[in-house]
Amino acid sequence: MKKILYLLIFLFGGCPLLAQNNQFDMDSTLYVYYQKCEDLGRTSQVFSVADTLFRMAEKVGDKRTQAAALCHKANYYYYVEQNMDSLEKYTKIVRDFAKKTGQPKYYYWIWGRYIDAYINARQFNLALLELKEMQKEATEEDYIPGLISGYKQMMLIYNVRNNSVLAHEYMKKVIGLTEQYNIEDFNLSILYSNMAGILIGLDELDEAFPYIEKAYKAVKIPSQLFTAKKMEVYYWSKRKDEKRMLSLLKEIEAMDIPSRKNDVRQAWNYYYLAVRNYREASNLYDSIYKYKGLTKRHYLQGKANSLKYVPGKEKEAIECYDALVALQDSLNGADAQTSLAEFATLMDVSRLNKENSSLELAVSQQKLRSIYIFLIGLCVFFAATGIFTIKVLRLNRKLRASEANLLKKNYALTEAEKVIVKEKERAESASRMKSAFIQNMSHEIRTPLNSIVGFSQVLAEELKGQEEMNTYAQIIIENSNNLLKLVSDVIELSSLDTMDKDLQKNPVLLNELCFVIMERLKSTLKPGVELHFTAWEDDYPILTNEALLVTVLSNLLHNAVKFTSQGSISLECRLSADARQIEISVTDTGIGIPDDKREWIFERFTKVDEFTQGTGLGLAISRLAARHLGGNIKVDPEYKNGCRMCFSFLAERCPEN
């Protein structure tokens with residue numbers, strides 16, 4: 001919640017950077033429409049109001065207000081639509097208008113907004129590429145607000161990457177330059193609020209409050225006052241001052257700014273978290289997320305952290321944590337895809353630059369030909385011909401130097417592409433070698449192990465009368481079987497890792513399959529342990545992969561037998577309430593699984609009891625196989641008399657002939 005706070009303050013505070021009011025000599029009628037744009041900034045109505053403001057400002061010759069109206073339209077695509085193509089279009093419109101009318105403030109502001117969008121999309125390489133161009137241009141023009149905007153983008157990049165310390169350093173530079181050069185174009189109230197938010201997140205409360213006070217003093221419009229009050233609520237939530245929070249919350253609600261309803265919810269959320277009313281905090285997370293006030297990751301994290309303190313909501317909290325882990329895995333994959341897409345984009349930019357250089361070279365050569373023709377036509381003017389010849393020779397030298405430089409760059413790009421292709425081929429080769437090794441292991445290791453087991457059994461039969469030698473033979477058999485099980489598990493786990501998503505499915509009678517598996521295990525039961533089976537009442541044929549289903553059921557029942565020394569083991573099959581999944585539970589009265597290890601046991605090479613025989617791969621293989629079947633395995637947290645494993649998978653009915 002802390003990290004997203006800074007982003008929200010930065011983003012919601014961005015629009016007032018455009019603020020102008022009567023103290024800047026804006027016409028009173030224009031100011032009324034400008035305030036409407038502020039209030040309707042997150043709705044589609046802002047387009048018609050902004051167009052009206054643009055036309056009215058054009059009539060009175062107010063170019064500054066015209067630029068502000070265009071910025072409001074761009075802001076809609078930034079905040080609501082989050083459409084990069086539309087935002088890029090309006091960014092170009094605003095920059096062209098600002099350049100044409102001599103307004104660098106809006107030129108760099110909208111450029112910064114465009115970079116913000118890349119940062120929010122986690123396309124950091126593209127954001128840094130744009131940022132480099134912006135800082136270069138601002139430096140050449142010696143435009144201090146442009147440099148300040150660059151520092152703000154760097155602050156935001158480090159903020160998104162959860163590096164609050166560096167974000168704090170860049171924000172100090174932003175505020176320092178703004179105060180040093182007395183930059184009126186940058187809204188100090190919002191900057192002070194942002195700095196206070198970062199310091200609160202770093203638990204530097206004593207240093208944060210003076211910035212909140214500065215934010216109040218620098219307020220120029222209501223939305224800035226709203227942001228400062230919200231930040232103070234966040235501050236007092238850290239101080240646990242309930243009375244001050246309630247007073248500020250009433251003031252915030254009384255302001256009644258339509259576009260900041262979600263901010264009001266967030267402010268109340270700070271309060272409920274501070275007073276430990278986690279039930280209300282959890283409900284507010286739902287509302288904030290519904291109105292796009294939180295990313296899904298921060299929503300799940302905040303929801304889970306609240307629910308774990310609400311009695312009776314533990315299961316829902318666990319589900320939120322599971323969803324958060326799955327989402328994080330998805331985001332990591334998406335980040336990798338985004339990085340590849342950014343690299344492809346940068347390569348396209350390089351290619352376009354190369355093509356542009358080639359076109360420029362062709363144009364230059366065409367100019368040279370025209371000069372030669374012109375010189376031939378004017379050969380009578382020898383003096384002029386000599387002067388033009390010298391110029392042409394100089395131009396040729398520059399072109400040759402440019403061509404040589406271009407060839408060097410082309411060569412470097414070609415070599416880089418070769419390296420990428422080579423590394424890709426190496427990775428694919430390694431994957432093929434791994435598959436070949438596993439296939440070879442299946443034959444080269446299993447065959448001799450099976451021979452050892454077989455001969456050990458023969459030896460045991462021959463030595464039945466010799467108790468000591470027979471014991472040794474049984475030890476050989478037992479350890480050989482354990483080694484064979486380890487090899488089989490490793491090979492099976494590797495096969496599951498590389499298995500195609502399109503599984504071969506065949507009709508399976510579930511009750512019959514369960515009965516066969518349980519019959520195999522009866523001989524391994526410890527004395528006094530009973531085995532029960534509750535059959536599936538419907539028992540129609542289902543389409544699934546029988547081998548994977550056998551793997552899951554065998555491993556779950558094998559674990560139950562291993563850890564149950566007395567009592568019973570029960571296998572139950574049923575159809576889910578929505579008839580979309582088959583639910584199978586394996587219940588035992590064994591040693592059970594501690595609460596803190598319910599997910600840990602599904603990791604590879606993990607065992608609850610380190611002194612028990614086994615590879616620690618059974619449950620990892622089972623969960624991976626279950627997911628290939630379109631299902632999952634989890635431990636029932638409510639069962640306390642041992643362990644209950646719940647396995648569910650898709651109930652695809654076999655079509656009738």
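Definitions and limits used
Residues numbered from 1 in each chain as written. Predicted model: local features only at pLDDT ≥ 70, side-chain atom pairs only at ≥ 80, totals over all residues. Heavy atoms only, no water. Helix = DSSP H or I, 4+ residues; strand = E, 2+ residues; numbered from the N terminus. Buried < 20%, exposed > 50% of the residue type's maximum accessible area, 1.4 Å probe, protein only. Areas by Shrake-Rupley, 256 points an atom, 1.4 Å probe, with all protein chains shown as cover. Patch = residues over 30% accessible without salt bridge, like charges linked within 9 Å, V, L, I, M, F, W, Y side chains within 5 Å. Salt bridge = Lys/Arg side-chain N within 4 Å of Asp/Glu carboxyl O. Phe/Tyr/Trp six-rings, centres within 6.5 Å; stacked < 30°, edge-to-face > 60°. Lys NZ or Arg CZ within 6 Å of the ring centre and 35° of its normal. Pairing = 2+ DSSP bridges. Axes fitted to C-alpha atoms, helices over the stretch in contact; angles between N-to-C directions. Contact = heavy atoms within 4.5 Å. Parallel < 35°, antiparallel > 145°, perpendicular 65-115°, else oblique. Left-handed = near helix turned anticlockwise from the far one by under 90°. Nonpolar A, V, L, I, M, F, W, Y, C, P; charged D, E, K, R; others polar. Expected span 1.5 Å × (residues − 1). Polar contact = N/O pair within 3.5 Å; in protein donor to acceptor, adjacent residues only side chain to side chain. Core = buried A, V, L, I, M, F, W, Y, C linked by side-chain atoms within 4.5 Å. pLDDT = per-residue confidence, 0-100. Disulfide = S-S within 2.5 Å. Lys, Arg positive; Asp, Glu negative; His and termini not counted. Charge placed at Lys NZ, Arg CZ, Asp CG, Glu CD.

Would you take a moment to explain the overall build of the protein chain for this structure?
Regarding its fold elements, the protein chain presents 23 helices and 7 strands. Relative to its full complement of 657 residues, the protein chain shows a buried share of 43%. With the model as given, the accessible surface of the protein chain reaches about 36000 Å², and the carbon-plus-sulfur share is 54%.

Is there a simple way to think about a nonpolar patch on the surface in this case?
Nonpolar side chains collect at one region of the surface, where M469, Y472 and I475 lie side by side and expose about 280 Å² of accessible area between them. If you trace the backbone, I475 turns up in helix α20 (residues 467-497).

Would you mind going over the packing of aromatic side chains with me for this structure?
For any pair of aromatic rings, the description rests on two quantities: the centre-to-centre distance and the angle between the ring planes. Per the stated rule, a full pass over the model turns up 26 aromatic pairs. Arranged with centres 5.9 Å apart and planes meeting at 85°, the rings of Y107 and W111 form a pair that is edge-to-face. Of this pair, Y107 and W111 are both found in helix α6 (residues 104-120), 4 residues apart, which corresponds to roughly one turn of the helix. The pair Y107 / W111 is uniform in exposure class, with both members buried. In this structure an aromatic cluster arises from ring pairing among F47, Y76, Y77 and Y90. Here the basic side chain of R95 rests over the ring of W111, its NZ or CZ set 3.8 Å away from the ring centre.

Sorry, what's going on with the sheet that holds strand β7 (residues 643-650) here?
Through backbone hydrogen bonds, the strands of a sheet pair up, either in parallel or in antiparallel fashion. Strand order in the open sheet formed by 5 strands is β2-β4-β5-β7-β6, and the pairing between neighbours is mixed. Each edge of the open sheet is held by one strand with a lone partner, namely β2 (529-534) and β6 (632-635). Mean inter-strand twist for the sheet, computed between neighbouring axes without regard to direction, equals 15°. Across 4 bridges, the pairing between β6 and β7 is antiparallel. In the sheet register, K634 faces β7, and the bridge partner there is C646. Running over the sheet, helix α21 (residues 510-521) touches β2, β4 (567-575) and β5 (581-588) and is turned about 170° from β2. Against the sheet, helix α22 (residues 546-563) touches β4, β5, β6 and β7, its axis set at about 175° to β7.

I would appreciate a short explanation of the packing of helix α2 (residues 28-39) against helix α4 (residues 63-81) in the present structure.
Axes are the key here: two packed helices are described by the angle between their axes and the distance separating the axes. With their axes 10 Å apart at the nearest point, α2 and α4 run at an angle of 15° to one another. Taken together, the axis directions place α2 and α4 in an arrangement best described as roughly parallel. Relative to α4, the crossing made by α2 is left-handed. Across from L30, Y34, C37 and E38 in α2, the residues of α4 making contact are T65, A68 and H72. In terms of residue class, the contact of α2 with α4 is built from 4 nonpolar, 2 polar and 1 charged.

Can you walk me through unusual backbone geometry in this structure?
With glycine set apart, most residues show a phi of negative sign, and most peptide bonds adopt trans. Unlike most non-glycine residues, D203 shows phi in positive territory, near 65°. Here D203 is to be found in the loop between α10 (188-201) and α11 (205-217). Unlike most non-glycine residues, R276 shows phi in positive territory, near 65°. With respect to the helices and strands, R276 occurs in the loop between α14 (261-274) and α15 (278-290). Judged by its relative accessible area of 63%, R276 falls in the exposed class.

Could you clarify how one ought to interpret the pattern of salt bridges in this entry?
Oppositely charged side chains can pair when the atoms bearing their charge come close. Here the structure, examined in full by the defined rule, presents 23 salt bridges. We note a salt bridge from K99 to E137, for which the minimum N-O separation is 3.5 Å. One end of the pair, K99, is in helix α5 (residues 84-101); the other, E137, is in helix α7 (residues 124-141), with 38 residues separating them in the sequence. The class of K99 is partly exposed, set by a relative accessible area of 46%. The salt bridge partner of K229 is E251, with a shortest N-O separation of 2.4 Å. On the criterion of sequence distance, the pair formed by K229 in helix α12 (residues 222-239) and E251 in helix α13 (residues 242-255) is long-range, its members being 22 residues apart.

Is there a simple way to explain α22 in this structure?
Every α-helical turn comprises 3.6 residues, leaving residues that sit three or four positions apart pointing alike. Here α22 contains 18 residues, and its C-alpha end-to-end distance of 26 Å stays within 8% of the 26 Å for a straight helix at 1.5 Å per residue. Residues L548, L549, T551, V552, L553, N555, L556, L557, N559, A560 and V561 constitute the buried set of α22. Sitting at the amino-terminal end of α22 is N545, which places a side-chain oxygen 3.2 Å from the backbone nitrogen of A547.

What should I look at first to understand the nonpolar core in this one?
In globular proteins that are soluble, nonpolar side chains generally tend to be buried together. Membership of the largest hydrophobic core comes to 93 residues, with the highest contact counts inside it found for I119, I200 and V233. At 11 residues, the largest contribution of residues to this core is made by α6. Excluding its chain neighbours within four sequence positions, the residues that come into contact with V233 are M245, L248, L249, I252, A267 and Y270. Counting residues in hydrophobic clusters, the runner-up holds 45 residues, among them L503, W536, A626 and V635.

I would appreciate a short explanation of the confidence of the model for the protein chain in the present structure.
Interpretation of this model should avoid reading the predicted coordinates in detail wherever pLDDT is low. Averaged over all residues, the pLDDT of the protein chain equals 81, while 84% of them reach at least 70. Within the model, pLDDT remains below 50 along residues 1-24, and this stretch shows 95 contacts once partners closer than five positions in the same chain are excluded.

Teacher, can you tell me more about the side chain of S622 here?
Within the secondary structure layout, S622 lies in helix α23 (residues 618-628). Excluding anything up to four places from it in sequence, S622 contacts T551, V552, N555 and I633.

In this structure, what is going on with the pairing of β5? I would like to understand it.
For a regular strand, side chains alternate in direction, first toward one face of the sheet and then toward the other. Of all 8 residues in β5, 6 are buried; the element is thus mostly enclosed. Looking at chain direction, β4 and β5 are connected through 7 bridges and run antiparallel. Bridge pairing links C573 to I584 in β5. The turn linking β4 back onto β5 is made up of 5 residues, and A579 within it adopts a positive phi angle of 60°.

Sorry, what's going on with the state of the cysteines here?
One way to say it: the disulfide is the covalent bond shared by the sulfur atoms of two cysteines. Counted according to the given criterion, the structure contains 0 disulfides. Lacking any disulfide linkage, C646 is separated from the closest cysteine sulfur, that of C643, by 8.8 Å.

What is the right way to read a positive patch on the surface from this model?
A contiguous patch of positive charge, built from K391, R394, R397, K398 and R400, is present on the exposed surface. As for its position among the elements, R400 is in helix α18 (residues 382-444).

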